[in-house]
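# Observations on the model geometry
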Amino acid sequence: MTDRSAPRRSFKHYLRNWLSWAGLVLAASALFAFLLLVAIDQFAGHRNPYVGILAYVVAPLFFLLGVALTLLGAFFQRRSERRAARAAEPLVIKIDLSRARDRKVLAFFAAGSIAFLFLTALGSYQTYQYTESVQFCGQRCHLPMEPEFVASQHAAHARVECVACHVGRGATAYFKTKVNGVKQLYHTVRNDFERPIRVTSANPRPPQAICEQCHWPKKYVGNVERTYRHFLSDEKNSPFAVRLLLNVGGADPNNGPVGGIHWHMNVANKIEYIATDELSLNIPWVRMTDSQGIVTVFKTPDFRGNPANYEIHRMDCMDCHSRPAHKVHTPNQAVDLALATGRLDPAVPWVKAKVVAALVKPYKTKPEALRDIADQLRKDYPDPAVSGPIIREAQAIYRVNFFPEVKLDWRTHPDFVGHKDWNGCFRCHDGNHTAVDGQMSIKASDCKACHLILAQGSGEMLSKIDARGHNFVHIDTEYSDFTCADCHTGGLQK
Ligand code: HEC
Ligand code: HEC
Ligand code: HEC
Ligand code: HEC
Ligand code: HEC
Ligand code: HEC
């Protein structure tokens, strides 16, 4: 099929060259990978934003590359045909199936293409599996999400994948996560992501419906007993524990009495609130709509704003369980836990106070912090046999709970499930939120509304259980003032 006059030819003609063929195979594989990824993504139980990057960014890039190669091949083919025509020489690039060599090459090419398609399928699926994994979210995206990854490893949701909570349902949520995934990748590469990363209105926290995929809100929990073991910052590291019977209760009349802490989730009633700061630490306005549809508005005396000017949130699980996964411990909690489990020796004088003091100092980077913590504790305990294990434990605590490079520690991400280190429940239950008619306030004055103190203190005292609940004995004085967080910060006492 040599043609020296080179008349106008169809575009298809110019595609007859190896480069264009390779380009076509690449484009076809990319299209195939795209369809496969979209299918995987549609039919997988939950959705993964990074498959979006693969499907909608990487696969199309390869597709375009394939198309470009095809065109380039056609271009070269045309040029060489024109040249050949001009020089009246036989064509250099030519595919002729009547020739054994060309048939062999074609067979080889076809086999290669099938293998390539197969590998593309395998590769896409493997990549998909990988982007689903916690390692991908937490480790590849190392710096930005390191805190969430590290912290999630020691909490109740350690076995729950990031995507189970973080990728929403429905087409809009799906598309948003795709866009977000690409945006996050971009900011990670440019290293200009927000520090610390926060949930924002553009990048909101998971909706309650996500929690409900695993947790049944109608479940009756009833009473939950918890023991909080502390050690005081005195020379003897005196133990001080509180045994609470928390009245978690339930929210559905068919499964148990409605009441207690989970009453807020009663499907029949609705609590809404206004927060005046980014972290929702201040809640001056609350609106309750009960099962009969009766609406009551509670507010603090100093709130004079017009509710219409604020964003009104509906209360959900995360308003109490604000750190359900990836919770970072306060230095107090972490050191108390180490003492309670024997990783720190309570017989070493002042060890609670010294370790907390070394942890809470402001550091710029992790290596600097680990070095300074060691220096500090070596000064406090000159005997290396004493300081060695203390330094190791203090550094271990620092590693999993402090992330100075991304400016994240317990101070930046409050836990609202109680009221000791943050106002948590007391953001509303502080006795200061009264109904507009002044008749009612959110239940507050009664410490026993939410829990009974079964026992407290240490030794003999801790074994005195009272089923009706003790009054709180704050170290050694009876105590009933509400704002615990005025003094307790999770770090050093104010
Ligand atoms: C049990 C559900 C759940 C799981 C599992 C989970 N998260 Fe979260 N995550 C949340 C909630 C709820 C918030 C919002 C917290 C808030 O309101 O401040 C959040 C917030 C975040 C934020 C914003 C910054 C912050 O810390 O508040 C990042 C980043 C994040 N998660 C990453 C991850 C990564 C990475 C994983 C997997 C290692 C993961 N999450 C697993 C529920 C979850
Ligand atoms: C994919 C399933 C799944 C999702 C989604 C999920 N959880 Fe969980 N949750 C679990 C598992 C599993 C446990 C551990 C249960 C156990 O160990 O007894 C758990 C435990 C908990 C606990 C008890 C924690 C403790 O310290 O004992 C709370 C509170 C909780 N989840 C709240 C939430 C909230 C709030 C959300 C929504 C942001 C959520 N969960 C989403 C599976 C899930
Ligand atoms: C008003 C605050 C509040 C709200 C809202 C709330 N919880 Fe809780 N929840 C608590 C408290 C307090 C506990 C007691 C245990 C504790 O201190 O961690 C608890 C306990 C739990 C437990 C552990 C129960 C057990 O058997 O140990 C789970 C699971 C849980 N909540 C899930 C949820 C889910 C899911 C939602 C949303 C549908 C939700 N909670 C809404 C305050 C709340
Ligand atoms: C956004 C405001 C808000 C927050 C935060 C909040 N509550 Fe409430 N809570 C209310 C309102 C409003 C009521 C209903 C008014 C009342 O009964 O006084 C209520 C009622 C209750 C009740 C009584 C339920 C019943 O049986 O009638 C308990 C118990 C309770 N809350 C516990 C808690 C605990 C524990 C926390 C923190 C983990 C908490 N609340 C956080 C607003 C809030
Ligand atoms: C609105 C409900 C509510 C009220 C009212 C309330 N508490 Fe609590 N309290 C809680 C919850 C929830 C926790 C558990 C926090 C957790 O699991 O981290 C808690 C924990 C505690 C603890 C243990 C904290 C620790 O870390 O050792 C003490 C002590 C305590 N409360 C004392 C009181 C006293 C004293 C009062 C009355 C002035 C009071 N509480 C009123 C909900 C309440
Ligand atoms: C006026 C300041 C102040 C207020 C308000 C206050 N505390 Fe304390 N609390 C302290 C001090 C100081 C200690 C001793 C700390 C130490 O030795 O480490 C302490 C110790 C404790 C301890 C044992 C040790 C520890 O660090 O956990 C608990 C539990 C406790 N307080 C709970 C509460 C609760 C709950 C409230 C609110 C009802 C509250 N406190 C209000 C100052 C206060």
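As the structure is a prediction and not an experimental result, all values here were calculated from the model. (Residues numbered from 1 in each chain as written. Chains lettered and ligands numbered in written order. Predicted model: local features only at pLDDT ≥ 70, side-chain atom pairs only at ≥ 80, totals over all residues. Heavy atoms only, no water.)

With that settled, consider the sheet that holds strand E1 (residues 222-231). By way of backbone hydrogen bonds, the strands of a sheet pair with one another, either parallel or antiparallel. The sheet built from 3 strands is open, its strands ordered E1-E2-E8 with antiparallel pairing. The sheet is open, and its two borders are formed by E1 and strand E8 (451-457), each paired with just one other strand. Across this sheet, the average inter-strand angle for adjacent strands is 15°, counted without regard to direction. Taken together, the 6 bridges between strand E2 (residues 239-249) and E8 define a ladder with antiparallel strand orientation. Across the sheet, the residue bridging to Val 242 is Gln 456, located in E8. (Pairing = 2+ DSSP bridges. Helix = DSSP H or I, 4+ residues; strand = E, 2+ residues; numbered from the N terminus. Axes fitted to C-alpha atoms, helices over the stretch in contact; angles between N-to-C directions.)

On to the site of ligand 2, then. The immediate surroundings of ligand 2 are formed by 13 residues, with His 157, Cys 211, Cys 214, His 215 and His 321 found nearest. His 157 places a side-chain nitrogen or oxygen 2.7 Å from a nitrogen atom of ligand 2. At 2.7 Å, a side-chain N or O of His 215 approaches a nitrogen atom of ligand 2. For the shell around ligand 2, the secondary structure elements donating two or more residues are helix H7 (162-166) and helix H9 (208-212). (Near = heavy atom within 4 Å. Polar contact = N/O pair within 3.5 Å; in protein donor to acceptor, adjacent residues only side chain to side chain.)

What follows deals with unusual backbone geometry. Of note, Asn 237 is a non-glycine position whose phi angle comes to about 50°, a positive value. On the accessibility criterion, Asn 237 (1% relative accessible area) is buried. (Buried < 20%, exposed > 50% of the residue type's maximum accessible area, 1.4 Å probe, protein only.)

What follows concerns the coordination of the iron atom of ligand 3. Within the protein, the atoms that donate to the iron atom of ligand 3 are His 262 (NE2) and His 321 (NE2), at distances of 2.0 Å. Each of the 6 donor atoms bound to the iron atom of ligand 3 contributes to angles spanning 86 to 178°, and the resulting shape is octahedral. With a gap of 59 residues between them, His 262 in the loop between E2 and strand E3 (270-274) and His 321 in the loop between strand E6 (313-314) and helix H10 (331-340) connect regions that are remote in the sequence. Given the relative accessible area of 38%, His 321 is considered partly exposed. (Donors = N, O, S within 2.8 Å, 3.2 Å for Na, K, Ca; no water. Tetrahedral: all angles 85-135°; square planar, octahedral: opposite > 155°, others 65-115°.)

Coordination of the iron atom of ligand 6 by the protein involves His 474 (NE2) and His 488 (NE2), with metal-donor separations of 1.9 Å. Note that the iron atom of ligand 6 binds 6 donor atoms; their angles at the metal cover 88 to 180°, and the shape is octahedral. You can see His 474 sitting in strand E9 (residues 473-474) and its partner His 488 sitting in the segment after strand E10 (477-478), a full 14 residues away along the chain. Under the relative-accessibility criterion, His 474 is labelled partly exposed at 25%.

Another aspect to go through is a positive patch on the surface. Where like charges cluster on the molecular surface, the positive patch consists of Arg 8, Arg 78, Arg 79, Arg 82, Arg 83 and Arg 86. Position of Arg 78 among the secondary structure elements: in helix H3 (residues 49-87). Look at Arg 78 and you get partly exposed, because its relative accessible area is 36%. (Patch = residues over 30% accessible without salt bridge, like charges linked within 9 Å, V, L, I, M, F, W, Y side chains within 5 Å. Areas by Shrake-Rupley, 256 points an atom, 1.4 Å probe, with all protein chains shown as cover. Salt bridge = Lys/Arg side-chain N within 4 Å of Asp/Glu carboxyl O. Lys, Arg positive; Asp, Glu negative; His and termini not counted. Charge placed at Lys NZ, Arg CZ, Asp CG, Glu CD.)

Once that is clear, we can look at the pairing of E3. With 4 of 5 residues buried, E3 is to be regarded as a mostly interior element. Here E3 runs beside strand E4 (residues 285-289); their pairing, made up of 5 bridges, is antiparallel. Counted as the bridge partner of Ile 274 is Trp 285 from E4. The pairing of E3 with E6 spans 2 bridges and is classified as antiparallel. Residue pairing in the sheet places Glu 272 in a bridge with Arg 314 of E6.

What follows deals with the packing of helix H11 (residues 351-360) against helix H12 (residues 366-380). It is the contact of H11 with H12, at a shortest axis distance of 9 Å, that shows an interaxial angle of 150°. Taken together, the axes of H11 and H12 lie roughly antiparallel to each other. With respect to the hand of their crossing, H11 and H12 are arranged in right-handed fashion. Along its contact with H11, which presents Lys 354, Val 355, Ala 358 and Leu 359, the element H12 presents Ile 373, Gln 376, Leu 377 and Asp 380. Tallied by class, the residues present in the contact of H11 with H12 amount to 5 nonpolar, 1 polar and 2 charged. (Parallel < 35°, antiparallel > 145°, perpendicular 65-115°, else oblique. Left-handed = near helix turned anticlockwise from the far one by under 90°. Contact = heavy atoms within 4.5 Å. Nonpolar A, V, L, I, M, F, W, Y, C, P; charged D, E, K, R; others polar.)

Now for the packing of aromatic side chains. Inspection of the entire model under this criterion finds 8 aromatic pairs. Relative to Trp 21, the ring of Trp 18 lies with its centre 5.6 Å away and its plane at 80°, an arrangement referred to as edge-to-face. A residue pair is termed a helical-turn pair when its members lie 3 or 4 positions apart in one helix, as Trp 18 and Trp 21 do in helix H2 (residues 18-43) at 3 residues. Trp 21 sits in the partly exposed class, given a relative accessible area of 26%. Between Trp 21 and Phe 109, the ring centres sit 5.9 Å apart and the planes meet at 50°, which makes this aromatic pair tilted. (Phe/Tyr/Trp six-rings, centres within 6.5 Å; stacked < 30°, edge-to-face > 60°.)

Its 15 residues give H12 an end-to-end C-alpha distance of 21 Å, which sits within 8% of 21 Å, the value for a rise of 1.5 Å per residue. Restricting attention to buried positions, one finds in H12 the residues Lys 366, Ala 369, Leu 370, Ile 373, Ala 374 and Leu 377. An end-on view of H12 places all buried positions within 130° of arc, on one side of the element. Seen from the open side of H12, the exposed residues pointing more than 90 degrees away from its buried face are Pro 367, Arg 371 and Lys 379. A distance of 3.3 Å separates the backbone nitrogen of Glu 368 from a side-chain oxygen at the start of H12, and that oxygen is part of Thr 365. (Expected span 1.5 Å × (residues − 1). Arc of directions from axis to C-beta.)

Any link to function would need more than the numbers given here.
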